[in-house]
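Architecture at a glance
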Amino acid sequence: PGASAPARRPAVAGGQRGGLAAGAVGRAVGHETDRKFLFAAGGATVVVAMVALGFIVIRILRQAVTDRFAPAIEAYVAAVVAGAVGMSLGIVLGVGRGGSRNVEIRGAHLVLNVFGLVGLVIAATLPYFAATQVRSKMSSRATPTTMRITFFVLAAATAVAASGQILDRSGVAAGGLI
């Protein structure tokens, strides 16, 4: 993310991306060959790479010269946390450790990855992206406070929906999704 912060050292960014790629390959090969250890190791590597991304993004936020992008970067951190938890649940499912809670875990896994990881990244990027694409200033209503409140509500709703899935409380899950 551009925040007028110094770029990460190539080794840091490359290591994070390499870990993510290696983990994804390990997870895919482990899944296709039914080698649960390889699946778990690949999945764990992906989770570690996501956590590393979170630390990289936090460092960018702390070193930023301008705070213009701070609300988006904060939402990216929340997205990384949601994704890491969702991916961890995916590992539990992939190695067959969900037991009688497979359906509930799968529901939380989907909510955290789709609405948490992907949804928060899209929501955080959209105000900046839309203004850039139409070559205009951002809406005056898109204040840092408004964006932070919006991103917090989206993150909290994702957590409520995922909790409802894990607890097998469809009303709670529906409330979060609504």
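Here, every reference points to the structure presented above.
Residues numbered from 1 in each chain as written. Predicted model: local features only at pLDDT ≥ 70, side-chain atom pairs only at ≥ 80, totals over all residues. Heavy atoms only, no water.

**Side note on the packing of aromatic side chains**
Keep this limit in mind: Only the six-membered ring of Trp is used, alongside the rings of Phe and Tyr, when aromatic pairs are assigned; centres must lie within 6.5 Å, and planes under 30 degrees apart are stacked while those over 60 apart are edge-to-face, with the rest tilted. Per the convention used, a helix needs a DSSP run of H or I reaching at least four residues, while a strand needs a run of E reaching at least two, with both numbered from the N terminus.
Inspection of the entire model under this criterion finds one aromatic pair. Judged by centre distance (5.2 Å) and plane angle (45°), the rings of Phe69 and Tyr128 are tilted. You can see Phe69 sitting in the loop between α2 (36-63) and α3 (70-94) and its partner Tyr128 sitting in helix α4 (residues 102-133), a full 59 residues away along the chain.

**With respect to the nonpolar core**
What counts, and what does not: Nine residue types can take part in a nonpolar core, namely buried Ala, Val, Leu, Ile, Met, Phe, Trp, Tyr and Cys, and a core is a set of them joined through side-chain atoms within 4.5 Å. Note on classification: 1.4 Å probe, protein chains only; a residue is buried when its accessible area is under 20% of the maximum for its type, exposed when over 50%, partly exposed between these limits.
Core analysis: the biggest nonpolar cluster contains twelve residues, these being Ile56, Val57, Ile60, Ala72, Ile73, Ala75, Tyr76, Val77, Ala124, Tyr128, Met147 and Phe151. Per-element accounting of this core gives the leading share, five residues, to α3. Counting ten residues, the second-largest nonpolar core is a separate cluster that includes Val46, Met50, Ala79 and Val80.

**A word on the pattern of salt bridges**
What counts here: Any carboxyl oxygen of Asp or Glu that lies within 4 Å of a side-chain nitrogen of Lys or Arg is treated as forming a salt bridge with it.
Within this structure, the stated rule accounts for two salt bridges. Between Glu74 and Arg148 there is a salt bridge whose closest N-O contact spans 2.6 Å. Residue Glu74 is found in helix α3, and its partner Arg148 is found in helix α5 (residues 144-166); the two are separated by 74 residues along the sequence. Across the pair Arg101 and Glu104 runs a salt bridge whose closest N-O atoms are separated by 4.0 Å. A residue is classified by how much of its surface remains accessible, and Arg101, at 35% relative accessible area, is partly exposed.

**Some remarks on the packing of α2 against α3**
The condition is simple: For helices, the axis comes from a line fit to the C-alpha atoms of the stretch in contact; other axes are also lines fit to C-alpha atoms, and the angle between any two N-to-C directions lies between 0 and 180 degrees. In what follows, roughly perpendicular refers to angles from 65 to 115 degrees, roughly parallel to angles under 35, roughly antiparallel to angles over 145, and oblique to any angle outside these ranges. Gly is put with the polar residues, along with every residue not named as nonpolar or charged; the nonpolar set is Ala, Val, Leu, Ile, Met, Phe, Trp, Tyr, Cys and Pro, and the charged set is Asp, Glu, Lys and Arg.
Between α2 and α3, the shortest axis-to-axis distance is 9 Å and the interhelical angle comes to 170°. On the basis of their axis angle, the class for α2 and α3 is roughly antiparallel. Considered class by class, the residues forming the contact of α2 with α3 number 20 nonpolar, five polar and two charged.

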